Number of protein chains: 2
Amino acid sequence: MSETENNRESQTTSTDGAEFYGEDGVIRADVIEQISDAIEASDVEQLNRTVENLHESELGDLIEALEPSERQELVALLGDQFDFSALTEVDEAIRMDIVTVLPNEQIALAVQELDTDDAVYILEDMEEEDQADILAKIPFTERIRLRRSLDYPEESAGRRMQSEFVAVPPYWTVGQTIDYLRDTEDLPDSFSQLYVIDPTFRLVGAVDLDSILRAGRDVRVEDIQRETRHAIPAEMDQEEAAQIFEQYDLLSAAVVDENDRLVGVLTIDDVVDVIQQEAEEDFKRLAGIGDEELSDNVISTTRSRFVWLLVNLATAIIASYIIGIFDATIEQMVALAVLMPIVASMGGNAGTQTMTVAVRALATKDIDIYNSGRIIRRELTVGFINGMLFAMLIGLMAAAWFGSVPLGLVIATAMIINMVCAALAGILIPLMLDKLNIDPASASSVFVTTVTDVVGFFAFLGLAALLLV
Amino acid sequence: MSETENNRESQTTSTDGAEFYGEDGVIRADVIEQISDAIEASDVEQLNRTVENLHESELGDLIEALEPSERQELVALLGDQFDFSALTEVDEAIRMDIVTVLPNEQIALAVQELDTDDAVYILEDMEEEDQADILAKIPFTERIRLRRSLDYPEESAGRRMQSEFVAVPPYWTVGQTIDYLRDTEDLPDSFSQLYVIDPTFRLVGAVDLDSILRAGRDVRVEDIQRETRHAIPAEMDQEEAAQIFEQYDLLSAAVVDENDRLVGVLTIDDVVDVIQQEAEEDFKRLAGIGDEELSDNVISTTRSRFVWLLVNLATAIIASYIIGIFDATIEQMVALAVLMPIVASMGGNAGTQTMTVAVRALATKDIDIYNSGRIIRRELTVGFINGMLFAMLIGLMAAAWFGSVPLGLVIATAMIINMVCAALAGILIPLMLDKLNIDPASASSVFVTTVTDVVGFFAFLGLAALLLV
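Definitions and limits used
Residues numbered from 1 in each chain as written. Chains lettered and ligands numbered in written order. Predicted model: local features only at pLDDT ≥ 70, side-chain atom pairs only at ≥ 80, totals over all residues. Heavy atoms only, no water. UniProt positions renumbered as here; feature names shortened; annotations may be inferred. Helix = DSSP H or I, 4+ residues; strand = E, 2+ residues; numbered from the N terminus. Rg over C-alpha atoms; globule rule 2.2 N^0.38 Å. Buried < 20%, exposed > 50% of the residue type's maximum accessible area, 1.4 Å probe, protein only. Contact = heavy atoms within 4.5 Å. Areas by Shrake-Rupley, 256 points an atom, 1.4 Å probe, with all protein chains shown as cover. Lys, Arg positive; Asp, Glu negative; His and termini not counted. Charge placed at Lys NZ, Arg CZ, Asp CG, Glu CD. Buried area = accessible area lost by both parts, 1.4 Å probe. Salt bridge = Lys/Arg side-chain N within 4 Å of Asp/Glu carboxyl O. Nonpolar A, V, L, I, M, F, W, Y, C, P; charged D, E, K, R; others polar. Least-squares fit on C-alpha atoms with pLDDT ≥ 70 in both.

Chain A is annotated in an unreviewed UniProt entry as Magnesium transporter MgtE of Ahrensia marina. UniProt, in the comment section headed Subunit (unreviewed entry), describes chain A in these words: "Homodimer."

*Asks:* Which parts of the structure should I look at to understand the overall build of chain A?
*Replies:* Scanning chain A from N- to C-terminus turns up 23 helices and 6 strands. Against the 2.2 N^0.38 benchmark of 23 Å for 469 residues, chain A shows a C-alpha radius of gyration of 30 Å, more extended than a compact globule. Projecting the C-alpha coordinates of chain A onto the three principal axes gives extents of approximately 95 × 60 × 45 Å. Out of the 469 residues belonging to chain A, those deemed buried represent 58%. Here the analysis covers contacts within chain A between residues at least 6 apart in sequence; of these, 69% occur between residues at least 24 apart. Taken as a whole, chain A presents about 18,600 Å² of accessible surface, with 53% of it coming from carbon and sulfur. Once the 30 positive and 84 negative side-chain charges of chain A are each reduced to a mean point, those two points are 8 Å apart.

*Asks:* Would you mind showing me how to read the interface of chain B and chain A here?
*Replies:* For interface size, the figure often reported is the accessible area lost on association. Taken together, the contact between chain B and chain A spans 134 residues of the former and 134 residues of the latter. Taken together, the two surfaces of chain B and chain A that pack against each other cover about 11,300 Å², and 62% of this comes from carbon and sulfur. Across the contact surface, chain B and chain A share 4 salt bridges. Among the elements that line the side of chain B that touches chain A, the one with the most residues is helix α20 (residues 335-363) of chain B, at 17 residues. Split by residue class, the side of chain B that touches chain A holds 65 nonpolar, 32 polar and 37 charged.

*Asks:* Would you mind going over the relation of the copies chain B and chain A with me for this structure?
*Replies:* Two chain copies, one operation linking them: a rotation about an axis together with a shift along it. Mapping chain B onto chain A leaves a residual RMSD of 0.1 Å; the transformation is a rotation of 180° accompanied by 0.0 Å of translation along its axis. Such a turn and shift between the copies fits a two-fold axis. Comparing interface residues between copies, 100% of those in chain B also sit at the interface in chain A, which points to an isologous, same-surface contact.

*Asks:* Explain the UniProt feature "domain: CBS" (unreviewed entry) in chain A to me, please; I cannot follow it from the model alone.
*Replies:* Mapped onto the present numbering, the UniProt feature "domain: CBS" (unreviewed entry) falls on residues 224-281 of chain A. Between the C-alpha atoms that bound residues 224-281 of chain A there is a distance of 41 Å. The span itself is 43% helix and 22% strand.

*Asks:* Please clarify how the UniProt feature "transmembrane region" (unreviewed entry) in chain A should be interpreted in this entry.
*Replies:* Residue and element names in this part refer to chain A. Per the UniProt record, the feature "transmembrane region" (unreviewed entry) sits at residues 306-326, 332-359, 380-403, 409-433 and 445-468. Helix makes up 95% of residues 306-326 and strand 0%, and the two end C-alpha atoms of the span are 31 Å apart. Its end C-alpha atoms 42 Å apart, residues 332-359 is made of 93% helix and 0% strand.

This is how it looks when you write it as structure tokens:
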């Protein structure tokens with residue numbers, strides 16, 4: 001999870017990844033079996049032997065691969081040998097399953113050993129009562145740090161930061177600094193920068209360790225410090241913080257409170273998780289599966305999917321209503337019923353393509369007032385060209401299948417109309433939703449499908465009613 | 001792009017992001033206008049003043065926001081003041097547009113100034129002839145480094161690595177090492193670890209800078225070095241390397257050749273781009289827009305979308321064929337034509353939900369032989385429950401709309417059948433494609449939609465033919 005954790009782990013771990021994971025990158029079957037057997041036999045020694053050499057993420061993978069009942073038993077059997085940082089690597093539902101059956105005393109002891117960011121990750125989803133009880137059992141200094149992180153809003157930089165860092169005054173020399181680092185016992189496990197602060201803890205700058213190593217012992221810290229342009233306010237949303245990391249290729253950034261006082265450090269490894277989550281979320285939302293996790297149970301999965309399907313039912317009923325208008329036409333020419341889903345479905349697919357590009361571009365801020373005109377023109381052109389191509393294909397096919405050139409012409413025209421409307425809807429709907437501050441990833445797809453269904457059925461059946469029957 | 005670049009930039013940049021970007025995170029309109037005017041007036045001085053304080057990613061954003069013709073002019077006007085690392089921040093099409101009009105001499109001069117990873121990023125997509133010509137114009141040492149990176153396969157760790165690093169022998173003391181760092185001129189701009197190598201350049205270990213700073217001057221490097229468990233073979237695919245970074249929360253990793261000799265360093269900031277690209281690619285493929293970029297032109301966009309739409313046309317025609325089987329039934333009862341898209345569309349949406357979960361879980365290796373049984377059972381249960389719920393809803397509605405309880409029962413039954421089949425198809429098709437080594441993200445959606453369309457129409461119209469007419 002965190003930088004310090006990371007380096008400490010890689011120093012002590014000796015299991016080779018290749019032995020734990022098979023060729024396909026999945027935990028080997030015999031490893032799982034061995035663990036399952038050991039759990040069943042309550043063979044604590046065997047469990048300890050297997051688990052002590054695992055990286056926290058490997059232990060997390062192992063927990064996820066076990067049956068739910070085995071997970072709790074494993075953690076119970078390992079007792080204080082269980083590395084709680086593995087809980088930061090598993091789905092929220094699994095974490096909660098494990099944490100709720102553990103005594104608060106054990107959790108309190110365990111989270112003291114973790115970096116603050118990992119501890120907060122485990123504590124933040126717990127019941128308020130349990131959280132307070134656990135915090136009360138933690139020594140004062142550590143408790144204050146955790147309390148402060150937990151006081152920041154959910155998904156803020158303050159929640160993700162580490163409160164452990166090394167700070168020095170600007171007037172120290174490099175020699176003084178190196179001596180301080182050599183002589184001080186309770187430094188963070190690992191760090192890659194020093195922060196420079198004034199007597200009131202206000203952030204003045206940062207010094208990379210390589211600058212310290214390159215400078216002579218008499219050089220003052222203030223002469224080799226660099227500006228910290230990208231200090232992150234603790235209240236800032238983690239997604240926004242992640243974007244700053246990405247844009248400026250940061251490896252770590254100081255986190256400051258509302259008075260510009262240094263309160264923690266945010267490191268890229270924590271941010272990587274955020275970046276990936278955010279990229280995933282948009283696309284899950286496009287498919288209407290929101291914040292679902294793989295380990296969610298039947299009830300919460302059913303509920304989360306139901307809402308989306310209900311909205312889509314409304315869309316489908318609107319489409320049905322349009323078809324209903326033309327029931328007399330269909331009765332006279334049943335070929336229309338056979339062909340009509342083609343027009344709607346092609347429009348739906350073309351609209352989804354454009355929409356996916358637009359939603360992603362909005363999320364990465366790659367679309368804006370300067371290029372939106374260009375992109376709308378491009379999408380319209382692409383829609384028109386593909387519309388023409390597929391109009392010819394489907395027109396010829398329909399004419400041949402039902403032996404009617406007029407029917408071919410009608411479906412061809414409807415295809416062009418729907419593909420152009422699909423392109424327009426695919427780009428304009430996400431842009432409009434974004435302007436209205438509605439998340440385009442969650443809402444676009446319903447509107448786009450409604451447009452392509454309604455236009456598809458209406459254009460095809462309407463033209464047929466006018467021209468064919 | 002790279003770690004060293006990053007730190008050098010943040011040291012010298014003084015423009016505040018807030019002035020360049022507006023509230024919405026998009027470049028401010030007046031900044032763009034100012035630049036456009038300066039380009040039109042060939043006001044090199046004004047351009048230099050605005051651009052010299054920009055971070056490479058800000059300059060990249062600026063280039064993307066300009067009109068295509070303005071981009072080339074901007075780069076031409078800036079001449080050797082243009083920071084080529086900005087080209088690593090723009091879409092490939094835009095990069096190629098700019099690079100192809102520049103004289104090879106200028107490119108050769110510019111890439112020498114870049115870190116090898118950035119230089120390779122610019123050179124790798126060029127025509128082989130231009131590439132060779134540029135390399136021939138670069139001094140020997142730098143040329144050898146670039147040549148070596150370019151000799152590794154596309155999208156490999158060797159292409160993304162930086163060839164600049166600091167390596168020391170294991171028998172050096174901390175004091176010797178610090179003196180070496182103080183006295184050596186041509187060190188990389190910034191670094192966070194030293195690598196320990198034997199006389200044949202074989203990787204022995206790594207030392208974090210904080211360990212150096214904490215140890216006394218007499219301590220030997222070999223006594224504070226740590227194992228480098230996660231050394232990355234240069235031939236390894238960048239995606240696989242990114243997964244190792246993610247799994248073990250690495251900040252950087254040594255890259256070694258086939259003889260375990262240290263050839264470079266891969267840093268997390270390069271890997272972040274890979275992680276995000278890979279997450280994006282899967283979802284773009286799900287929507288059939290492959291590796292499309294926002295700046296692609298009409299022709300390449302049309303072509304990339306056409307293939308996907310053609311495949312979907314085949315799917316739609318199969319669905320039409322199924323409807324065609326029941327044309328006599330529809331002729332007798334036109335309500336069937338009105339209602340049939342509802343069953344197919346609900347199945348399509350439910351199938352897509354399940355499929356999106358499955359494709360993502362396969363990509364992150366969160367689904368495997370241990371939990372796939374559990375997940376298939378869950379999806380089937382969710383499909384059945386939602387099927388029952390929507391069967392009731394749509395059954396009642398259809399019965400009321402067309403005044404026919406039997407019609408309501410038929411559509412309700414068809415809905416349950418299709419929702420269960422959608423769940424099965426949504427999970428089994430990606431799993432099977434993955435087993436067959438076919439990318440589930442690219443291919444799943446076509447097969448799933450085919451299943452939900454065919455089953456939807458067949459179940460509904462078939463039951464109607466049996467029971468209603």
